Amino acid sequence: MSLFGRRKPGFSKEVELRPEDITDEFSDRNDPAMSRNSNPKEEKAEMAARAQAVMDGTAAPCAQAAPTGAQAPQEAPDLAQQAAAEGRTVDLFDYMDSLPEVEDPFPPSEEEPEEQPEPEKKPGEVLAEYIRERSRAAHLTPRGPLEEEEPQLEELLTEMRSLESCADIRSVKGSKDEYFYSEEIMANNYAMIAMLVYEKNLPHTVAHMVRFNCKTYPSPTPLYHFMRSPYNYTMPQLEQALRMIKSGKDTQDIKTVEAFNGVLYMYSTEIMSERYAKALADGNEAGEADF
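None of the values given here were measured: they were computed from a predicted structure. (Residues numbered from 1 in each chain as written. Predicted model: local features only at pLDDT ≥ 70, side-chain atom pairs only at ≥ 80, totals over all residues. Heavy atoms only, no water.)

Q: Please clarify how the sheet that holds strand S6 (residues 264-268) should be interpreted in this entry.
A: Strands in a sheet are paired, the pairing made by backbone hydrogen bonds, and the direction either parallel or antiparallel. Pairing is antiparallel in the open sheet, where three strands are placed in the order S4-S6-S5. Both outer strands of the open sheet, strand S4 (221-222) and strand S5 (254-258), are each paired with one neighbouring strand and no more. Where S4 lies against S6, two bridges are found, and the strand directions are antiparallel. Directly across from Thr 221, in S6, lies its bridge partner Met 266. Here helix H8 (residues 202-216) sits on the sheet and contacts S4, S5 and S6; the angle it forms with S6, its principal contact strand, is near 75°. (Pairing = 2+ DSSP bridges. Helix = DSSP H or I, 4+ residues; strand = E, 2+ residues; numbered from the N terminus. Contact = heavy atoms within 4.5 Å. Axes fitted to C-alpha atoms, helices over the stretch in contact; angles between N-to-C directions.)

Q: Even after reading the chapter, I still don't get helix H9 (residues 235-247), so can you show me in this structure?
A: In this model H9 runs 19 Å from its N-terminal to its C-terminal C-alpha over 13 residues, within 8% of the 18 Å that 1.5 Å per residue would give. Restricting attention to buried positions, one finds in H9 the residues Leu 238, Ala 241, Leu 242 and Ile 245. The arc enclosing the buried residues of H9, seen along the axis, measures out at 105°, which places them on a common side. Residues of H9 that are exposed and point over 90 degrees away from its buried face: Pro 236 and Ser 247. (Expected span 1.5 Å × (residues − 1). Buried < 20%, exposed > 50% of the residue type's maximum accessible area, 1.4 Å probe, protein only. Arc of directions from axis to C-beta.)

Q: Would you mind going over the environment of Tyr 224 with me for this structure?
A: Inspection of the secondary structure puts Tyr 224 in the loop between S4 and H9. Judged by relative accessible area, Tyr 224 falls into the partly exposed class, the value being 24%. Tyr 224 has contacts with Val 263, Tyr 265, Asn 284, Glu 285 and Glu 288, leaving out every residue within four places of it along the chain.

Okay, here's the thing in structure tokens:
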């Protein structure tokens, strides 16, 4: 039966090709690799005899086309075959020495260059790295404790500010101290807030952030904003801060206004009016309610 079903009229006739019909050019009979002994036992015996001849050194070398004329080199005698013919053994090292010199096809790999030690950091760079480590932990580095540990702190700071590798180190000044941080790790606004919290001056912190929010966004600041991180103030602390703000000479511009739902907001009269602050507070609370 045909492989693709019944053959239709008009197609060529299938022809069976026999091995004897193949020309000698493509016949396996001309391929030495295809020649096999018909008797498996005899073939096995022939293979064993050839292997033993190779081990004894009596195997005939493969026939190769040798160059003729003056260019034909004189072949070196095979010590293994010569020793086998004389009935003696050859020392392995002597045999290896008798082998012709050939070029190594696998040249030795290049040695990897030794790792150069990192250059020693300057004192200013060491200080900068210490400040970065504290910034990664969300901490500022106050100047006061540094001066207690390092009497030559001013020289270190001068060197640190002059190095290009320390250009990310910044400082923010508070009423009590100067604080260092890395602006690549800590945002400038966060550093300012952290400085206020670090100095633990609640009235100053609240007034400063209320003015900052009114000027930057603009927006009044809800009282509950200071109960969140990074401030984490309690309601009794905030109530005490409000009383101090109302009685302080430098904080008379800080006022409060209630949104439509009674939430207390603070704003600065130097930046926005009470009516504008209330409108913004109502809109913010309405958005919080929808959310």
